[in-house]
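The chain contents come next:
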Amino acid sequence: MRILLVEDDDRVADALAGALRRNGYDVQRAGNAHDALAAPSVDLVLLDLGLPDRDGIEVCRELRARDGVPVIAVTARGAEPDRVRGLRSGADDYVVKPFGTAELLARIEAVLRRSVNQRIHDTRPLTLGDLTIRLGQRTVTLNGRPVPLTRKEFDILAVLVRAGGAAVPREHIIVEVWQSTYDGMSRTLDVHVATLRGKLGQAGIIVRTVRGFGYRLVAADDTTPDPATPVDG
Ligand code: CA
């Protein structure tokens with residue numbers, strides 16, 4: 001597996017590259033955004049968000065947009081609320097400096113595993129009732145006819161489809177679709193789910209609300225009750 005290590009601090013980069021190579025990874029290095037974006041494609045990018053020439057968040061988005069490469073963002077504690085910055089970057093995961101090598105290796109393994117599974121998953125058309133969903137091509141068809149979904153509707157559907165019928169928490173959908181943890185997104189999610197429901201209804205697919213939790217996809221003829229949600233008292 002090839003990893004591109006983007007880090008402008010040579011001492012940090014030397015130590016990390018050594019640890020990654022000892023664990024069997026083929027490591028390429030870039031010390032700035034320009035070199036990172038010019039580097040050949042890899043299996044994963046470990047990206048320091050504090051780079052000298054450009055905002056790391058922009059770099060992350062460009063890398064993701066180009067070939068969908070998984071990215072682990074590295075943020076420096078104290079620069080900005082770390083968690084928000086990490087999530088907003090659109091990265092698959094993030095670590096906050098200083099971090100231990102064992103933690104980083106575990107995160108790299110997890111992200112690579114998800115990415116491989118997703119690639120296998122995405123190339124296979126999925127059927128759901130009369131719908132056929134091709135995640136890789138971002139198309140949805142109903143008995144062969146395209147169902148026109150907006151970008152956000154498709155992204156929400158993809159998150160629900162990947163869950164394979166399990167309920168998905170609202171916060172998880174929001175982070176996946178908008179790369180945001182902002183509370184105000186909750187209303188926006190509901191609006192998009194409402195329009196998605198309208199479009200999927202004719203295909204016999206229901207986006208069911210799981211009260212106090214999130215959403216799940218069910219076939220219209222599925223009468224399985226949702227698991228009870230905890231009630232206070
Ligand atoms: Ca830096």
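Visitor: Tell me what's going on with the overall build of the chain, and back it up with residues and numbers.
Guide: A tally of helices and strands in the chain yields 8 helices and 12 strands. When burial is assessed residue by residue, the chain has 42% of its 233 residues classed as buried. Sequence separation of at least 24 residues holds for 50% of the intrachain contacts in the chain that already meet a minimum separation of 6. Total accessible area on the chain stands at roughly 12,500 Å², and carbon and sulfur atoms take up 50% of it.

Visitor: Go over helix H8 (residues 185–201) with me, naming the residues and quoting the values.
Guide: Taking 1.5 Å of rise per residue, the 17 residues of H8 would be expected to cover 24 Å, and the 24 Å separating its terminal C-alpha atoms lies within 8% of that figure. Packing partners of the buried residues in H8 comprise strand S7 (131–134), helix H6 (151–162), helix H7 (170–178), strand S11 (205–210) and strand S12 (214–219).

Visitor: I'd like a rundown of the pairing of strand S3 (residues 44–48), residues and numbers included.
Guide: Two faces, one strand: in a regular strand the side chains alternate between the faces of the sheet. Of all 5 residues that make up S3, 5 are buried, and the element is covered over most of its length. Every second residue of S3 is oriented toward a common face, with Leu44, Leu46 and Asp48 on one face and Val45 and Leu47 on the other, all of them buried. The pairing of strand S1 (residues 2–6) with S3 spans 4 bridges and is classified as parallel. Residue pairing in the sheet places Val6 in a bridge with Leu47 of S3. Sheet analysis places S3 next to strand S4 (residues 71–76), joined by 4 bridges and oriented parallel. In the sheet register, Val45 faces S4, and the bridge partner there is Val71. In this fold, S3 hands off to helix H3 (residues 56–67), which returns the chain to S4; that crossover is right-handed.

Visitor: Please give an account of the coordination of the calcium ion that cites residues and values.
Guide: In an ideal octahedron of six donors the angles at the metal are 90 or 180 degrees, and in an ideal tetrahedron of four donors they are 109.5 degrees. Each protein donor to the calcium ion is listed here as Asp8 (OD), Asp48 (OD) and Gly50 (O); together their distances run 2.2 to 2.4 Å. With relative accessibility at 35%, the residue Asp8 sits in the partly exposed group.

Visitor: How would you explain the side chain of Arg170 if you had to name every residue and give the values?
Guide: Mapped onto the elements, Arg170 comes out in helix H7. You can call Arg170 buried: its relative accessible area is 17%. Not counting the four nearest positions on each side in its chain, Arg170 is found in contact with Ser186, Leu189, Asp190, Phe213, Gly214 and Tyr215.

Visitor: Please provide a residue-by-residue account of the nonpolar core, values included.
Guide: Core analysis: the biggest nonpolar cluster contains 30 residues, and Leu131, Ile156, Leu157 and Ile173 have the highest contact counts within it. Residue assignment for this core shows that the elements contributing at least two residues are S7, strand S8 (139–142), H6, H7, H8, S11 and S12. Per element, the largest residue contribution to this core is 7 residues, and it comes from H6. Leu4, Ala36, Val71 and Ala91 belong to the second-largest nonpolar core, a separate cluster that totals 22 residues.

Definitions and cut-offs
Residues numbered from 1 in each chain as written. Predicted model: local features only at pLDDT ≥ 70, side-chain atom pairs only at ≥ 80, totals over all residues. Heavy atoms only, no water. Helix = DSSP H or I, 4+ residues; strand = E, 2+ residues; numbered from the N terminus. Buried < 20%, exposed > 50% of the residue type's maximum accessible area, 1.4 Å probe, protein only. Contact = heavy atoms within 4.5 Å. Areas by Shrake-Rupley, 256 points an atom, 1.4 Å probe, with all protein chains shown as cover. Expected span 1.5 Å × (residues − 1). Pairing = 2+ DSSP bridges. Right-handed = clockwise from strand over helix to strand, strands pointing away. Donors = N, O, S within 2.8 Å, 3.2 Å for Na, K, Ca; no water. Core = buried A, V, L, I, M, F, W, Y, C linked by side-chain atoms within 4.5 Å.

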